[in-house]
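Structural overview for review
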Amino acid sequence: MQPETQKILELAKRIKAIAQRGLTYSTDEYNIERYTELETISHELFEVMTDTPWELIRNFYLNKKEYPTPKTDIRGVVFNEKNEILLVCERDDNKWSLPGGWADIGYSPKEIAVKEVEEETGFIVVPTRLLAVLDKKHHPHPPQLEYAYKLFIQCTLTGGKIREAHDITDVAFFPQDSIPSLSQIRVTASQIDLMFAFLHNPGKEVVFD
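Before going into details, it helps to say that this report is about the structure given with it. Numbers given to residues run from 1 along each chain, matching the order in which its sequence is written. Per-residue local features of the predicted model are confined to residues with pLDDT of at least 70, and side-chain atom pairs are confined, for both listing and counting, to 80 or more; whole-chain, interface and lining totals are unaffected and use all residues. The side-chain numbers reported here are obtained from all heavy atoms of the structure, hydrogens and water having been left aside.

Right, let's talk about helix α5 (residues 189-200) for a bit. The terminal C-alpha atoms of α5, which comprises 12 residues, lie 17 Å apart, in line with the 16 Å expected from a rise of 1.5 Å per residue. Contact criterion: two residues are considered in contact whenever any of their non-hydrogen atoms come within 4.5 Å of each other. Comment: elements are numbered from the N terminus, with helices defined as DSSP H or I runs of at least four residues and strands as E runs of at least two. In this fold, the buried residues of α5 make contact with β1 (71-78), β2 (85-90), β5 (123-135), β6 (148-160), β7 (168-174) and β8 (207-208). The span expected for a helix works out to 1.5 Å for each residue beyond the first.

Right, dumping it as structure tokens:
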């Protein structure tokens, strides 16, 4: 497959993923119509680039039954020069978490960490190290429908400044002994302590469940 073709197919996958998220969460007819059109465009791109008839593509997605796999939650871990950790206050529960969220199709884990930190805080970071890969079931999170793995990626702050985000009400750095009330569905106190353990022991090995 030519690199140009592969690139277009990857873009088509991203368009389809955006459309599916939109159709999942949209409630008004206008947005549903827009996301349905995006989904159709992605199918048409698949058709053009792979010479696969439209009906086969449509039936593939309509009838597809995939093996269920865990979702991936990626969190950026950022410390400042005072050894304080960067946290964001989530609008939906007014509690604090590490910046991050579900992985998006078309982005690598490092790219997701950078994107989420910038979108939620305004800061520019460079990913430097994978700290932990955790299975949520082994940690004291509240019960949730999704089965998820959590990736914690340490990032170095290189620029930017705090700005508003639609799902975030506040952004701040906190020392380890003054961590605010945490959004437990996203991050636990023991996980925050683990991140500080990496700060105090740079040679600490990656933790995984």
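Here we come to the pattern of salt bridges. Basic side-chain nitrogens of Lys or Arg form a salt bridge, by our definition, when they fall within 4 Å of a carboxyl oxygen of Asp or Glu. If you walk through the whole model with that rule in mind, you get eight salt bridges. For Asp-73, the salt bridge is made with Arg-75, and the minimal N-O distance between the two is 3.2 Å. For the pair formed by Asp-73 and Arg-75, the shared burial category is buried. The residue Glu-119 makes a salt bridge to Lys-115 at a minimum N-O spacing of 3.5 Å. Taken together, the residues Glu-119 and Lys-115, both in helix α4 (residues 109-121) and four residues apart, mark about one turn of the helix. To sort residues, take the accessible area from a 1.4 Å probe on protein chains only and compare it with the maximum for the residue type: under 20% means buried, over 50% means exposed, and anything in between is partly exposed. With relative accessibility at 18%, the residue Lys-115 sits in the buried group. Taken together, the shared-partner salt bridges in this structure form one network comprising Glu-90, Asp-92, Asp-93 and Arg-186.

Non-glycine residue Asn-83 carries a positive phi angle of around 65°. For Asn-83, the location among the structural elements is in the loop between β1 and β2. In this structure, Asn-94 is a non-glycine residue whose phi angle is positive, near 60°.

Most of β1 is tucked away: six of the eight residues are buried. By this definition, two strands are paired if DSSP reports at least two bridges between them. Strand direction decides the pairing type here: β1 and β6, joined by eight bridges, are parallel. By the bridge assignment, Val-78 is partnered in β6 with Cys-155. The pairing of β1 with strand β4 (residues 100-102) spans three bridges and is classified as antiparallel. The residue of β4 that forms the bridge with Asp-73 is Trp-102.

With that out of the way, let us pick up the sheet that holds strand β3 (residues 96-97). On the basis of which strands lie adjacent, the open sheet formed by three strands has the order β3-β2-β7 and antiparallel pairing. For this open sheet the edge positions go to β3 and β7, each flanked by a neighbour on one side alone. Orientation is described by axes fitted as lines to C-alpha atoms, over the contacting stretch for helices, and by angles from 0 to 180 degrees between their N-to-C directions. Packed on one face of the sheet, α4 meets β2 and β7 and runs near 60° to β2.

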